[in-house]
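Structural description and commentary
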Amino acid sequence: MANPKIITKYICAQCGHITTTKTGKCPSCNSWGTFEILEETPTAPAKRNFSHAKTVSALDVTPPERISTGIGELDRVLGGGLVAGGVVLIGGQPGIGKSTLLLQAAGSVAKNYDAPVLYISGEESDAQVALRASRINTASEKLFLYSGAELEDALSSLDNGNFAFFVLDSVQAMSAENNSGWAGTITQVRAVAQRVIDVAREKKIPAVMIGHITKDGKIAGPMMLEHMVDTVLNFSGEGYSAYRMLRAVKNRYGSTDELGIFEMREDGLVPVTDKSGLYWNREDAAVPGVAMTIALEGNTPLAAEIQTLAARTVFPYPRRTSRGIELNRFQLLTAVIDRRCSISTNSHDLYINVAGGLSLQDPSADLPACAAIASALKNLSLQTGTCWLGEVGLAGEIRPVTRIDMRLKEASRLGFHTAVVSSREQIKFSGIKIVRVAHIDEALAGILINPKN
């Protein structure tokens, strides 16, 4: 029998597009010079086993069994913990703390469940990982370490015990058997990820893989890598700050709206419990152009300080600069103020910023942003102790926001005494003074005080 013919295909390292003709430019993502050789051997089509569709009500659905990592912020972002047989991919900048976080989680699971946990390191030696484990106090008799780049050799360690879960650091550093190319190439990354997924499913234990990121902040490797796993986490933070943020980009077992915040210390990553204090400087409350709101990140209410600066311009086209709020959204709110409130914005450059590096997608930030813009243009400060909660439409109407009672409860806890909300809000919480407004003009009238000379 003749050997099957090997068909040479090419795969784009940027987006995973596969073609039989190598070209300089990828037709899918328009990247140049990103094609690599991908050899596949065609096989005879397998005999089909047809199955009939079932009604959803006839299926037996039970919540997935979860394993707590012992780190509350990580569990919350995951949706309650690790899922048996589930695979998590976590990406982030070099040195951001991915390995430290997962080593802490591995040590915690080994201690709390009294079950073995395997940490596979393809980038660091035994001594380096052991030194970090000792520094962050996660060393345990149940925490096993494998250092090396051979994937099959590393995964064979799972046959020697009933492991609770395992960590692969990183997917770009490992090499899978029977696959050509160096570690980190498209074919190797895909093969390594698929092997990890197969082992996790077969043994019904959770797996966590660390992935490198590109200069654009995306996880390196084929785009299909993110589709293969169950959960994708993004670990980020500024180089000058000790705080790290963990978000779920994809989660088959939970929400993608949650935000976990950690502080990097000498003894590892420590979860931040009172997150509002990170983004609120109470001394700025009486400054023109500053407005406060309570934003929601998943189920977490955060006090957000929105700052606006207005400066007269000598150019015919005033400048608009935004950080923490989408620029198009900022320009839209500026136009609403100009047209609906008769506050001219054409003679000023406007700059808006959310303090602390927080990025707001919550529509409730519309009303405080409008209040901050108007305050900066009038050079008048807003009433202290007031938070603003509302979405602003193009007609200038103030719309309700989600989970208003949770926001008001957090505002009351932080010391706010007044909340400006939509007149259509259904409120049950009574621990704070409520000012109801229907239109943006009504919201701004009479509450700009304390002129600054």
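Structure shown above.
Read on for an overview of the structure. Small disclaimer: the values here were computed from a predicted structure and weren't measured.

Moving on, we come to the packing of aromatic side chains. Applying the stated criterion to the full structure yields two aromatic pairs. On the basis of an interplanar angle of 65° and a centroid distance of 5.8 Å, the ring pair of Phe144 and Phe163 is categorised as edge-to-face. Residue Phe144 is found in strand E8 (residues 143–147), and its partner Phe163 is found in the loop between helix H4 (151–155) and strand E9 (165–169); the two are separated by 19 residues along the sequence. For Phe144, a relative accessible area of 40% translates into the label partly exposed.

With that settled, consider the sheet that holds strand E6 (residues 87–92). Read from one edge of the open sheet, nine strands run E8-E7-E9-E10-E6-E11-E12-E13-E14, paired in mixed fashion. Whereas interior strands pair on both sides, the edge strands pair on one side only; in this sheet they are E8 and strand E14 (268–271). Along the sheet, successive strands turn relative to each other by an average axial angle of 25°, direction set aside. Where E9 and strand E10 (residues 207–211) come together, four bridges link them in parallel fashion. Counterpart to Val167 in the pairing with E10 is Val208. Against the sheet, helix H2 (residues 98–112) contacts E6, strand E7 (117–121), E8, E9, E10, strand E11 (231–236), strand E12 (243–251), strand E13 (259–265) and E14, and its axis sits at roughly 160° relative to E7.

The subject of this paragraph is the state of the cysteines. Tallied over the full model, the rule gives zero disulfides. Free cysteine: Cys12, not disulfide-bonded; nearest cysteine sulfur from Cys29 at 3.7 Å. Accessibility expressed as a relative area gives 0% for Cys12, which makes it buried. Summary of cysteine pairing: Cys341 is not part of a disulfide, and the nearest cysteine sulfur, belonging to Cys370, is at 7.2 Å. Under the relative-accessibility criterion, Cys341 is labelled buried at 10%.

The rules behind these values
- Residues numbered from 1 in each chain as written.
- Predicted model: local features only at pLDDT ≥ 70, side-chain atom pairs only at ≥ 80, totals over all residues.
- Heavy atoms only, no water.
- Phe/Tyr/Trp six-rings, centres within 6.5 Å; stacked < 30°, edge-to-face > 60°.
- Helix = DSSP H or I, 4+ residues; strand = E, 2+ residues; numbered from the N terminus.
- Buried < 20%, exposed > 50% of the residue type's maximum accessible area, 1.4 Å probe, protein only.
- Pairing = 2+ DSSP bridges.
- Axes fitted to C-alpha atoms, helices over the stretch in contact; angles between N-to-C directions.
- Contact = heavy atoms within 4.5 Å.
- Disulfide = S-S within 2.5 Å.

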